[in-house]
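Remarks on the overall topology
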Amino acid sequence: GVGDPASRTRVFQYLPLLRARGVIPQVEVVVSDSVFARGVDGGRIRKLLYYASVVWLSFRAGIRTVVRASCYDVIFIQRVLFPFPIPSLLRRHRRKILYDFDDAIFTTETTDPTGLEGVRRWFHERSLIPILRAASHAMVENAYTAAYAERQGATTTVITGPIDTGRYRPGEEKKKSDIVLGWIGSPSTVAYIDLIRGPLETLGMKYPDLVLKVIGASGPRLSQLRVVACPWSLETEVADLLTFDIGLMPLPDDPWTRGKGGYKILQYSSMGLPVVASPVGVNVQLVDDGVSGFLAETDADWVAYLSRLVSDPDLRDRMGQDGRSRMKSGYALNRAADQLVGLFGALCGRRSCPESTQKDA
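First, a word on scope: everything that follows refers to the structure included in this document. These numbers come from a predicted model, not from an experiment.

Some details on the overall build of the protein chain
Broken down by element type, the protein chain carries 14 helices and ten strands. Against the globule reference of 21 Å for 361 residues, the protein chain gives a C-alpha radius of gyration of 21 Å, in line with a compact fold. Seen through its principal axes, the protein chain has C-alpha atoms that stretch 65 × 45 × 35 Å. Within the span of the protein chain, comprising 361 residues, buried residues form 53% of the whole. When the accessible surface of the protein chain is split by element, carbon and sulfur atoms take 53% of a total near 16400 Å². The positive charge centre, built from 45 side chains, and the negative charge centre, built from 39, are 8 Å apart in the protein chain.

Next up, the structure:
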């Protein structure tokens, strides 16, 4: 559903642009927003029921896809893991199937895959390989996930993000006394801020006007730095990002994070903000170190780089402008929509899929 960030960024935001380019999309939502919300929070029983409902909904959607497959020129599957025997049934339509996944869904966030997370990881591993082999092409976010798909025999296209640079853009500069370090995410990823707890405390003692603003989760409790937390919503997201002066993306280096798409960096840079991020996965590609932001590996790096940005507003402006230029030239939604339409055209055997002949995608 729209509530899932992957669906929102890699399906729904494309739809108006695809229609404008002559593609007629027919969309089926497998997991609704209400079902997705039940899986985000809750105890063991609730999560177990959620996983069971997702398997059933995926199976049902898979049967419908198999039955209707001949009606479509292209079948675009975004991250759905169909249970047996759906991938085998879809394989006969392989030439027209494009499978998209954004994160490293062949593993899980946890470093201790036991209990429900162990079952989830087992299901992901057993389900992803068959659907990749049933597709003629895979679309992924970065080289790490592309390498996995290619090991399963898939041809891949990398589209990172993309980011709507018309929606995410700098606003008018407002006079304020505070300097805001900003982070946007979810309750499942807010723990990453703890990776830089020490540097944040040091910076709080050094700069009395410094604030950490957290969107989408309750922030960490810091003794030396004021923390402001606010809920995420699609309606207020851009306005909240406009209050940031510097964007943060700390990450551990593990099999899950190496597959992340760096969407925080896309948002920050598109908004004209300098970024300080961990040199993990696609972050190294998205941040031009020393030009659009900094890649910080140690606590000392985080303190040094953030200190430079906090004390130098001109540096913040220059890095923010460079970051936005990088987003517009390399990761913008319009550019990605052209790539996607070209990929659809290749799958359906045409250089393009004009409205006069295209059925559905």
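Considering the packing of helix H12 (residues 299–311) against helix H13 (residues 313–330)
At their nearest, the axes of H12 and H13 sit 5 Å apart, and the two run at 105° to each other. Relative to H13, the element H12 is oriented roughly perpendicular. Facing H12, whose interface residues are Arg 308, Leu 309, Val 310 and Ser 311, H13 presents Pro 313, Leu 315, Arg 316 and Met 319. Classifying every residue of the contact of H12 with H13 by side-chain character gives five nonpolar, one polar and two charged.

Some words on the pairing of strand E8 (residues 246–249)
Every second residue of E8 is oriented toward a common face, with Ile 246 and Leu 248 on one face and Gly 247 and Met 249 on the other, all of them buried. With two bridges connecting them, strand E5 (residues 179–184) and E8 associate as parallel partners. Of the residues in E8, the one forming a bridge with Leu 181 is Ile 246. Across three bridges, E8 lies against strand E9 (residues 275–277) in parallel orientation. Residue Leu 248 lies in a different strand from E9, and its bridge partner there is Val 276.

Remarks on unusual backbone geometry
Phe 84 connects to Pro 85 through a cis peptide bond whose omega is 5°. Among the structural elements, Pro 85 can be located in the loop between strand E1 (75–78) and helix H5 (86–90). Between Gly 161 and Pro 162 the backbone carries a cis peptide bond, its omega angle lying at -5°. Relative to the helices and strands, Pro 162 is located in the loop between strand E4 (155–158) and E5. One non-glycine residue, Arg 79, adopts positive backbone phi at about 70°. Relative accessible area serves as the criterion here: at 23%, Arg 79 is assigned to the partly exposed category.

What to know about the nonpolar core
Counting residues in hydrophobic clusters, the biggest one holds 89 residues, and the most contacted among them are Ile 77, Tyr 99, Leu 128, Leu 181, Leu 200, Leu 212 and Leu 248. Among the elements that line this core, the one with the most residues is H12, at six residues. Leu 17, Ile 159, Leu 340 and Leu 347 belong to the second largest nonpolar core, which has 17 residues in total.

Quick look at the sheet that holds strand E10 (residues 293–295)
Judged by pairing direction, the sheet is parallel, and its six strands sit side by side in the order E7-E6-E5-E8-E9-E10 without closing on themselves. The outermost strands of the open sheet, each flanked by one partner alone, are strand E7 (226–230) and E10. Each strand of the sheet is rotated relative to its neighbour by a mean of 20°, with strand direction disregarded. Its contacts with the sheet put H12 on E5, strand E6 (210–215), E8, E9 and E10, and the angle it makes with E8 is roughly 165°.

As for the pairing of E6
Remark: a regular strand shows side chains that alternate across the two faces of the sheet. With six of six residues buried, E6 is to be regarded as a mostly interior element. Neither face of E6 is open: one carries Leu 210, Leu 212 and Val 214, the other Val 211, Lys 213 and Ile 215, and all of them are buried. Pairing of E5 with E6, which is carried by six bridges, proceeds in the parallel orientation. Following the sheet pairing, Trp 183 is matched in E6 by Val 214. With respect to chirality, the unit in which E5 leads through helix H8 (residues 197–206) into the neighbouring parallel E6 is right-handed. Note that E6 and E7 share five bridges and pair parallel. By the bridge assignment for E7, Val 211 is matched with Arg 226.

Reading the values: the criteria
Residues numbered from 1 in each chain as written. Predicted model: local features only at pLDDT ≥ 70, side-chain atom pairs only at ≥ 80, totals over all residues. Heavy atoms only, no water. Helix = DSSP H or I, 4+ residues; strand = E, 2+ residues; numbered from the N terminus. Rg over C-alpha atoms; globule rule 2.2 N^0.38 Å. Buried < 20%, exposed > 50% of the residue type's maximum accessible area, 1.4 Å probe, protein only. Areas by Shrake-Rupley, 256 points an atom, 1.4 Å probe, with all protein chains shown as cover. Lys, Arg positive; Asp, Glu negative; His and termini not counted. Charge placed at Lys NZ, Arg CZ, Asp CG, Glu CD. Axes fitted to C-alpha atoms, helices over the stretch in contact; angles between N-to-C directions. Parallel < 35°, antiparallel > 145°, perpendicular 65-115°, else oblique. Contact = heavy atoms within 4.5 Å. Nonpolar A, V, L, I, M, F, W, Y, C, P; charged D, E, K, R; others polar. Pairing = 2+ DSSP bridges. Core = buried A, V, L, I, M, F, W, Y, C linked by side-chain atoms within 4.5 Å. Right-handed = clockwise from strand over helix to strand, strands pointing away.

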